[in-house]
Amino acid sequence: MLIIGELINTSRKVINEAVDSKDEDYIKNVALEQVKAGADYIDINCGTKVHNEVETMEWLVDTVQNAVQVPLCIDSPNPKVLEAGLALCKYGQPMINSITGEKNRVNNILPLVVKYKAKVIALCMDDAGMPEKAEDRLRVAKNLHAKLTEAGVSENDIYFDPLIKPISSVDSAGLEVLEAIKIIKQKYPNVHLVCGISNVSYGLPNRKILNRLFTVQTMTMGMDSYILDPMDKGMMGIIYASRALLGQDPYCTDYINAYRKGLYEEIN
Ligand code: THG
């Protein structure tokens with residue numbers, strides 16, 4: 001299970017302001033708090049900075065690494081931004097977020113995965129666009145699996161993202177993702193599955209309940225990594241409990257230790 005902390009994203013107003021004012025202390029603190037809360041990787045996304053995304057990524061990577069010594073998840077569709085971030089990564093194995101089945105992205109990003117020996121998030125979309133059905137996702141996953149493994153990428157470094165769409169726009173969006181996880185895991189038992197969970201609840205009230213329940217449902221189907229807010233102690237409790245219930249936490253050691261450290265919320 002990898003927890004990828006999502007909070008350093010310039011689509012969030014607080015981060016956008018900290019980047020604009022070069023507030024290093026603010027960014028460092030958000031990185032540190034996420035690691036203390038249990039994040040294994042820190043995602044860095046400055047996609048809203050269309051005119052200086054490369055420079056912003058470089059500044060954020062350096063700033064975060066001045067606060068924490070954890071690996072980073074460099075989040076951009078742009079190969080130049082990815083390479084700028086990767087070149088500065090100092091701690092552990094970096095993660096590329098993301099490649100897709102689109103010709104351009106495969107041509108430009110696959111060489112970076114190999115060069116930096118990175119883990120890679122592979123979005124289940126291609127030149128045909130966003131997937132609808134579970135089978136559409138499997139088709140893209142097959143194509144990407146072939147290209148990645150032929151290039152020498154180990155299955156253990158591949159994280160398929162089925163792409164979560166809001167259930168407020170398509171009733172069956174959640175169900176198709178659950179089915180996709182099942183059939184991708186059936187075909188490729190050694191790859192990983194990851195997602196940004198909060199898309200599922202977009203446009204609806206009381207989003208946390210949907211995000212938390214969908215985390216349990218996707219874990220049950222075999223998803224094993226999440227891009228989320230690790231400071232959400234309710235969510236972290238659900239993840240620790242769900243791992244233990246699914247037999248992924250021998251002797252419930254992590255569940256107990258995280259409880260003792262106060263890493264998740266107690267429910268009365
Ligand atoms: N898959 C992959 N990468 C991703 C995503 C995904 N990267 C970006 C995103 N989705 C995950 N990251 C975030 C970061 C912040 C927020 C949501 C997802 C966030 N959203 C606020 C909300 O939902 O209410 C709105 C922003 C605000 O604070 O103003 O904080 O799916 N591979």
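Since the structure is predicted, the reported quantities are computational estimates derived from the model, not experimental observations.

K.L.:
Honestly, the side chain of Ser-76 in this entry has me stumped. Any pointers?
P.N.:
Relative to the elements of secondary structure, Ser-76 occurs in the loop between β3 (72-75) and α4 (79-88). Given a relative accessible area of 2%, Ser-76 falls into the buried group. Not counting residues within four places of it along the chain, the set of residues in contact with Ser-76 comprises Glu-53, Val-81, Leu-82, Asn-97 and Ser-98.

K.L.:
In this structure, what is going on with the site of the ligand? I would like to understand it.
P.N.:
The local shell around the ligand holds 13 residues, among which Glu-6, Asp-75, Asn-97, Asp-161 and Arg-207 are the closest. Between the ligand and Asp-75, the relevant distance is 2.8 Å, taken from a nitrogen atom to a side-chain nitrogen or oxygen of the residue. Using a 2 Å cut-off from the grid points, one finds that the ligand occupies the largest pocket. Of all the elements in the fold, those that place two or more residues in the shell around the ligand are β1 (2-9) and β5 (119-123). Along the lines of polarity and charge, the residues of the shell around the ligand split into three nonpolar, five polar and five charged.

K.L.:
Mind showing me how you'd approach the layout of surface pockets here?
P.N.:
Sizing a probe to match a water molecule and rolling it over the atoms shows the empty space that remains. Its boundaries defined by the atoms lining it, the largest pocket holds a volume of some 900 Å³. Looking at the largest pocket, it is lined by 34 residues, and the ones nearest its centre are Glu-6, Gly-196, Ser-198, Asn-199 and Ile-227. Secondary structure elements with two or more residues in the lining of the largest pocket: β1, β2 (41-45), β4 (95-99), β5, α8 (207-221) and β8 (225-228). Residue classes in the lining of the largest pocket are distributed as twelve nonpolar, eleven polar and eleven charged. Counted as a void, the second largest pocket has a volume near 230 Å³. If you go around the second largest pocket, you meet 13 residues; those closest to its centre are Gly-38, Tyr-240, Arg-243, Asp-254 and Ala-258. Within the residue set of the lining of the second largest pocket, elements represented by two or more residues are α9 (233-245) and α10 (253-260). If one sorts the elements of the lining of the second largest pocket by residue count, α9 sits on top with four residues.

K.L.:
Can you help me understand α8 in this one?
P.N.:
An α-helical turn contains 3.6 residues, so a residue and the one three or four places further along point in the same direction. Across its 15 residues, α8 extends 21 Å between first and last C-alpha, which sits within 8% of the 21 Å expected from 1.5 Å per residue. If you check which residues of α8 are buried, you get Asn-211, Arg-212, Phe-214, Thr-215, Thr-218 and Met-219. Viewed along the axis of α8, the buried residues span an arc of 165°, placing them on a single side of the element. Against the buried residues of α8 lie α7 (173-187), β8 and α9.

K.L.:
It is not clear to me how the packing of aromatic side chains should be interpreted in this structure. Could you clarify?
P.N.:
Aromatic ring pairs are described here by two measures, namely the spacing of the ring centres and the angle between the planes. Using the criterion set out here, one finds three aromatic pairs in the structure. Centre to centre, the rings of Tyr-259 and Tyr-264 are 6.1 Å apart; their planes meet at 45°, and the pair counts as tilted. An aromatic cluster is built from Tyr-240, Tyr-255, Tyr-259 and Tyr-264, whose rings are joined through pairwise contacts. Lys-22 extends its terminal NZ or CZ atom over the ring of Trp-59, reaching a point 5.2 Å from the ring centre.

K.L.:
Would you explain the nonpolar core in this entry?
P.N.:
Across soluble globular proteins, nonpolar side chains show a tendency to be buried alongside one another. Counting residues in each nonpolar core, the largest one holds 72 residues, and the members touching the most others are Ile-8, Ile-44, Val-64, Ile-96, Phe-160 and Ile-184. Those residues in contact with Ile-184 that sit more than four places away from it in its chain are Cys-124, Arg-137, Leu-138, Ala-141, Phe-160, Val-191 and Leu-193. Of all hydrophobic cores here, the second largest spans twelve residues; its members include Leu-2, Ile-4, Leu-123 and Tyr-159.

Reading the values: rules and limits
Residues numbered from 1 in each chain as written. Predicted model: local features only at pLDDT ≥ 70, side-chain atom pairs only at ≥ 80, totals over all residues. Heavy atoms only, no water. Helix = DSSP H or I, 4+ residues; strand = E, 2+ residues; numbered from the N terminus. Buried < 20%, exposed > 50% of the residue type's maximum accessible area, 1.4 Å probe, protein only. Contact = heavy atoms within 4.5 Å. Near = heavy atom within 4 Å. Polar contact = N/O pair within 3.5 Å; in protein donor to acceptor, adjacent residues only side chain to side chain. 1 Å grid on protein atoms, 1.4 Å probe; cavity = no way out; pocket = protein on both sides within 12 Å on 5 of 7 lines; lining within 4 Å. Sits in = over half its atoms within 2 Å of the grid points. Nonpolar A, V, L, I, M, F, W, Y, C, P; charged D, E, K, R; others polar. Points joined across faces, edges and corners; volume = space filled by probe spheres on them. Expected span 1.5 Å × (residues − 1). Arc of directions from axis to C-beta. Phe/Tyr/Trp six-rings, centres within 6.5 Å; stacked < 30°, edge-to-face > 60°. Lys NZ or Arg CZ within 6 Å of the ring centre and 35° of its normal. Core = buried A, V, L, I, M, F, W, Y, C linked by side-chain atoms within 4.5 Å.

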